[in-house]
Amino acid sequence: MNGDRCLFCRKLREEPLHFRTLLSPETPPGLCRSCAGKLAPIDPRRSCERCGRDLGRLDGRLVHGNICRDCERWAGSGRNGLFGKNRSLYSYNEMMKEIITAFKFRSDAVMAQAFRKEFRTAYRRLIRDDPSLWIRIRKGGRLFRNDPSHVIIPIPLSEERLQQRGFNQAVLLTENLGRPITEALIRRSGEEKQSKKNRRQRLKIPRNNPFTLDPQTASSIAGKKVILVDDIYTTGATLRLAAAAIEPAAPLSIDSLTLVHG
Amino acid sequence: MLLSRKDNLSPAYDEHLQRYLFGRECLVEELPFSEEIIKRHVRKRFITLHPGIEPATDGLMALLSGTKRWVCRRCGNTDPREFGYCSCSRCGKTCVYCRHCLNMGVVRACSRLATWSGPAPERTSLPWRDSSRICEWTGTLSDVQEKVADDLDQYQSEGKSFLIWAVCGSGKTEIMFRALEHALRLGERAVLATPRTDVVRELFPRFKAAFPKVPISALYAGSEDKDPEAPFVIATTHQLIRFYRYFDRVFIDEVDAFPYHYDPMLEYAVLKSAKEKAPIAYLTATPPPVLKSAFLSGKLPGAKIARRFHGYPLPVPKDCWAGNWRKLVGQGRLPESFNQWVRAKMESGKQIFVFVPSVTLLREVTELLQKRGLARVAGVHAEDPDRHTKVMFFREGQIRILVTTTILERGVTISGVEAAVLGADDPIFDERALVQIAGRVGRSASQPAGDVIYFHNGRTLEMIRARRHIEQMNSEGGF
């Protein structure tokens, strides 16, 4: 897969020549400027401290401090558990909708690679990993990037859905990070698609959690910081259910990273 | 005892499945039948399965260089950039998939395409076969048309392909009627394929009027006139991808529009949809080089029609220098020569087509023309959601100026319209496109002439060739 064409519109990307790309044989796959320009990236300095929503797009009355109304309600509901914060790269808009449709519903798996660089940056920011090697050396910190104190867990699909789609979009997004992946969760079949439900249906507490913890991985989670990865954060219900399933393994914290906040 | 006998007599295959799959090619998971039924049919060889993506077997070079190349069986895609890889959870391996035909459901290396290899289903009654006249078109063909129509039918009946090289507005559609009538009487299935939706929408009512007793199916994205059993199908080439060795006769209208779609998939789709050795009739005003040389060297039988059906010559395009049109439009102005021409045409009450090279330019030019407020102006391009309504309004005369990209260069017949190309020196306008655009003008006997003007900033070879092409056709037509 060569990256000289846009993954979405298939036109030539015409990336400006750069010292970093000058000598590399292949450009990494990605979007062209015109497609990338139609996305709505979330500025981390202007996002909700908890769910990572772009506060600039929200009515000011729904924001207190740096926290949105939804997160206040979650905090008041007593169902937050260990779930700490979420970070997302983009707000949901028409362009993102089309990309997600191509990626998930038309099964264009390579679309996940379009966000490799951005996904890595967001991950580092989430775990407060200094990006440059030099700064880390100066501070006398770790040289290796694989921080053993973090466990990355993609949100799974049910076996049924996995067979249908052929891949798990969360796993493909996680592969972008180039770090070890722990598939610690199992998802029960037969629940209704989240994307087919409305807000109230999503927030209703399901009688039993669709996620269960794979007992074999429990020991590798204990005392670690868990990062959950998914494609979309909508109401936060899925991620909190997943967090609740992981909690018995006694992780230190649970945060999440998603491509889209919708 | 009775029961078991009955079981032996009933066909060994499911008739619904047979009807569904006959002449078509589908992904196994798309079939609305249970896995068990499908497996049983595969075992008994009523269904053949093929891998969705196969390694390409092309040449020594590919073998030596060690690059792996693939072919998508459904769409014929071989472009290595149009394949993606992902770890597949169905087959548990890294699986290659075709990105080219994704919107019809993903084809992976581990998916299987099913085709029907059992007996053909019995045709339900074909009442039109018994009526004395299937084609109820009452017009008359000119002597030239008459001869070509006979030749076409004869060659097709012998199973041979045929090229009709006819100038725009020579009545190609009516020439097809005789061969089609013959095919329908024999109970054959025929398809008329064309690359553009607009052309299907224009041809469908014409055929419907000529063959009122015959069910006709029009296939294009969003069509409502679909009939799976219809013996005659008018389809965009995209829609033929799901067919497999189904049609006995193929007519391809505007065959040369294929390369404009830069898409070998369309040719692949047409060939796949036809039965092996089915005769193909190519109809075009501007044959592509391959067909042209096959015709001229005598390998491909065919006929040339250099005269329009109304007997008047083709309008010869005029060139008009417009300065740096791109820069002017960028500054929010239109070239003065173009302005004058538009004003003159509006004052004399004409309808005009304005062809522009790109969608961005289309928006700007449309807006500039609208600002001048001479008449009702609209712009259409391929992704325009209101495309069909705008073309309809233009046809009815409510819109006086239609700005368009090359999508409307073919097949659209509107009486009394005149045409301008703004930016004819752009590489997108090659000889064939320019000839086709000139062919939009003077289509009716009442208004056989009209302006075709190429506004340019420096004459290109293609413009000169286009003019020569038209002049040569005119001289062959005896003008």
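All figures in this text were calculated on a predicted structure; none of them were measured in a lab.

Caption draft 1: Summary view of the overall build of chain A. Looking only at helices and strands, one finds 11 helices and 9 strands in chain A. Here chain A has a C-alpha radius of gyration of 19 Å; the compact-globule value for 262 residues is 18 Å, and the two agree. Taken along its principal axes, the extent of the C-alpha atoms in chain A is 55 × 45 × 45 Å. Every one of the 262 residues in chain A was classed for burial, and the buried ones make up 46%. Here the contacts in chain A between residues at least 6 apart in sequence split such that 74% fall between residues at least 24 apart.

Caption draft 2: Fine view of the sheet that holds strand E18 (residues 401-404) of chain B. Residue and element names in this part refer to chain B. Here 6 strands make up an open sheet; going across it, the order is E15-E20-E19-E16-E18-E17 and the pairing parallel. This sheet does not close on itself; its edge strands, each paired only once, are strand E15 (318-321) and strand E17 (377-380). When strand polarity is set aside, the average angle formed by the axes of neighbouring strands in this sheet is 20°. Pairing of E15 with strand E20 (residues 452-456) involves 4 bridges; the strand directions are parallel. Bridging from a neighbouring strand, Trp-321 pairs with His-456 of E20.

Caption draft 3: Expanded view of the pattern of salt bridges. Residues and elements named next belong to chain B. Per the stated rule, a full pass over the model turns up 41 salt bridges over all chains. We note a salt bridge from Lys-39 to Glu-35, for which the minimum N-O separation is 3.8 Å. One end of the pair, Lys-39, and the other, Glu-35, are both in helix H3 (residues 35-43), 4 residues apart, so they sit about a helical turn from each other. With its nearest N and O atoms 2.8 Å apart, the salt bridge here joins Asp-426 to Arg-326. Pair noted here: Asp-426 is in the loop between strand E19 (417-422) and helix H14 (431-438) and Arg-326 is in helix H10 (residues 325-330), with a separation of 100 residues, a long-range link. A residue is classified by how much of its surface remains accessible, and Arg-326, at 45% relative accessible area, is partly exposed.

Caption draft 4: Here's a closer look at the packing of helix H7 (residues 197-210) of chain B against helix H13 (residues 387-396) of chain B. All names here are of chain B. As a packed pair, H7 and H13 sit with axes 11 Å apart at the nearest point and diverge in direction by 50°. Taken together, the axes of H7 and H13 lie oblique to each other. Considering the relative orientation of H7 and H13, their crossing is right-handed. Between H7 and H13, the residues in contact are Thr-197, Asp-198, Arg-201 and Glu-202 and Arg-387, His-388, Val-391 and Arg-395, respectively. Looking at side-chain class alone, the contact of H7 with H13 contains 1 nonpolar, 2 polar and 5 charged residues.

Caption draft 5: Spotlight on the side chain of A:Thr217. Positionally, A:Thr217 belongs in the loop between strand E7 (211-213) and helix H10 (218-221). Not counting chain neighbours up to four residues away, the residues in contact with A:Thr217 comprise A:Thr182, A:Glu183 and A:Ala184.

Caption draft 6: Molecular detail of the packing of aromatic side chains. All names here are of chain B. All chains considered together, the criterion is met by 21 aromatic pairs over all chains. Ring geometry for Tyr-20 and Phe-33: centres 6.0 Å apart, planes at 75°, overall edge-to-face. In this pair, Tyr-20 is assigned in helix H2 (residues 15-21) and Phe-33 in the loop between strand E1 (25-27) and H3, connecting sequence segments 13 residues apart. On the basis of relative accessibility, which here comes to 36%, the residue Tyr-20 falls in the partly exposed class. When the centroid spacing of 5.4 Å and the interplanar angle of 40° are considered together, the rings of Phe-353 and Phe-355 count as tilted. Given a relative accessible area of 1%, Phe-353 falls into the buried group. Looking at Phe-355, the relative accessible area reads 0%, which means it is buried. A network of ring pairs unites the aromatic residues Trp-137, Phe-177, Phe-207, Phe-211 and Phe-232 as a single cluster.

Caption draft 7: Just the domain arrangement of chain B, in detail. Residue and element names in this part refer to chain B. For chain B, the assigned domains are domain 1 (23-116), domain 2 (142-305) and domain 3 (318-476). On a C-alpha basis, the centroid separation for the pair domain 2 and domain 3 is 28 Å. Across the boundary between the two partners, domain 2 contributes 22 residues, which contact 23 residues of domain 3. For the pair domain 2 and domain 3, the summed buried area comes to about 1900 Å², and 49% of that belongs to carbon and sulfur atoms. Linking Arg-387 and Asp-198 is a salt bridge whose minimum nitrogen-to-oxygen distance equals 2.1 Å. Between the two partners, domain 2 and domain 3, sit 7 residue pairs in polar contact (both at pLDDT 80 or more). Counting residues per element, the side of domain 2 that touches domain 3 draws most heavily on H7, at 6 residues. When its residues are assigned to classes, the side of domain 2 that touches domain 3 shows 11 nonpolar, 3 polar and 8 charged.

Caption draft 8: Structural context of a nonpolar patch on the surface. Together, A:Leu17, A:Phe19, A:Leu22 and A:Leu23 make up an exposed nonpolar region whose accessible area comes to about 570 Å². What makes A:Leu17 exposed here is its relative accessible area of 67%.

Caption draft 9: Highlighting the interface of chain B and chain A. Across the boundary between the two partners, chain B contributes 16 residues, which contact 18 residues of chain A. Summing both partners gives a buried area of about 1400 Å² for chain B against chain A, and 44% of it is carried by carbon and sulfur. Among the residues chain B hides against chain A, the three largest losses belong to B:Arg81, B:Ser89 and B:Arg99. Together they make up 39% of the total. In this structure, the connection of chain B to chain A is made through 2 salt bridges. Between B:Arg99 and A:Asp108 there is a salt bridge, and its shortest N-O distance comes to 2.8 Å. At the boundary of chain B with chain A, the tally comes to 13 residue pairs in polar contact (both at pLDDT 80 or more). Ranked by the residues each element gives to the side of chain B that touches chain A, the list is headed by strand E5 (residues 83-87) of chain B, at 5 residues. The residue inventory of the side of chain B that touches chain A, partitioned by class, reads 7 nonpolar, 4 polar and 5 charged.

Caption draft 10: Region of interest: the domain arrangement of chain A. Residues and elements named next belong to chain A. For chain A, the assigned domains read domain 1 (1-37) and domain 2 (49-261). One C-alpha centre belongs to domain 1, the other to domain 2; they are set 27 Å apart. Across the contact, 8 residues belong to domain 1 and 9 residues belong to domain 2. Both sides together, the interface formed by domain 1 and domain 2 hides about 760 Å², and carbon and sulfur atoms give 75% of it. Put simply, domain 1 and domain 2 have 1 salt bridge between them. Of the residues that constitute the side of domain 1 that touches domain 2, the class distribution is 6 nonpolar, 1 polar and 1 charged.

Caption draft 11: Molecular detail of the sheet that holds strand E7 (residues 112-116) of chain B. Residue and element names in this part refer to chain B. Here we have 3 strands laid out as an open sheet, ordered E1-E7-E2, and antiparallel in their pairing. Looking along the sheet, the strands with just one partner apiece sit at the ends: E1 and strand E2 (47-51). Taking the axes of each pair of neighbouring strands and ignoring which way they run, one obtains an average angle of 30° across the sheet. Inspection of the sheet shows E2 paired to E7 by 5 bridges, in the antiparallel sense. Bridge pairing in E7 places His-50 opposite Leu-113.

About the criteria used
Along each chain, residues carry numbers from 1 onward, in the same order as the chain's sequence is written. Numbering of ligands from 1 and lettering of chains from A proceed in the order in which they are written. For a predicted model such as this one, the threshold for reporting local features is a pLDDT of at least 70, and the threshold for listing and counting side-chain atom pairs is 80 or more; totals across whole chains, interfaces and linings nevertheless cover every residue. Side-chain figures throughout are based on the complete set of non-hydrogen atoms in the structure, without hydrogens or water. Put simply, DSSP H or I for four residues or longer makes a helix, DSSP E for two residues or longer makes a strand, and each gets a number counted from the N terminus. When we talk radius of gyration, it's over C-alpha atoms, and the globule rule is simply 2.2 Å times the number of residues to the 0.38. Three exposure classes are used, based on accessible area relative to the maximum for each residue type with a 1.4 Å probe and protein chains only: buried under 20%, partly exposed in between, and exposed over 50%. The criterion used for residue contact is that any of the two residues' heavy atoms lie within 4.5 Å. A pair of strands is considered paired only if DSSP assigns at least 2 bridges between the two. Where helices are involved, their axes are fitted lines through C-alpha atoms of the stretch in contact, as for all axes, and angles between N-to-C directions lie from 0 to 180°. Salt bridge, as applied in this entry: a Lys or Arg side-chain nitrogen positioned within 4 Å of an Asp or Glu carboxyl oxygen. Note that the term roughly parallel is reserved for angles under 35 degrees, roughly antiparallel for angles over 145, roughly perpendicular for angles of 65 to 115, and oblique for everything else. Crossing handedness: left-handed means the near helix sits turned counterclockwise from the far one by under a right angle, and right-handed means the same turn made clockwise. Residue polarity follows a fixed list, in which Ala, Val, Leu, Ile, Met, Phe, Trp, Tyr, Cys and Pro are nonpolar, Asp, Glu, Lys and Arg are charged, and the others, Gly among them, are polar. The aromatic pairing rule takes the rings of Phe, Tyr and Trp, using the six-membered ring of Trp, and pairs them if the centres are within 6.5 Å, calling planes under 30 degrees apart stacked, those over 60 edge-to-face and the rest tilted. The domain boundaries here were taken from an automatic or database domain assignment. Summed over both partners, the accessible area (1.4 Å probe) lost when two parts come together is defined as the buried area. The term polar contact refers here to a pair of N or O atoms within 3.5 Å; inside protein, the definition further demands a hydrogen-donor-capable atom paired with an acceptor-capable atom, and it admits residues adjacent in sequence only when both atoms are side-chain atoms. Only residues above 30% relative accessible area that lack a salt bridge enter a patch, with like-charged residues linked at up to 9 Å and the nonpolar side chains Val, Leu, Ile, Met, Phe, Trp and Tyr linked at up to 5 Å. Method for areas: the Shrake-Rupley scheme with a 1.4 Å probe, in which residue coverage is limited to the protein chains shown.

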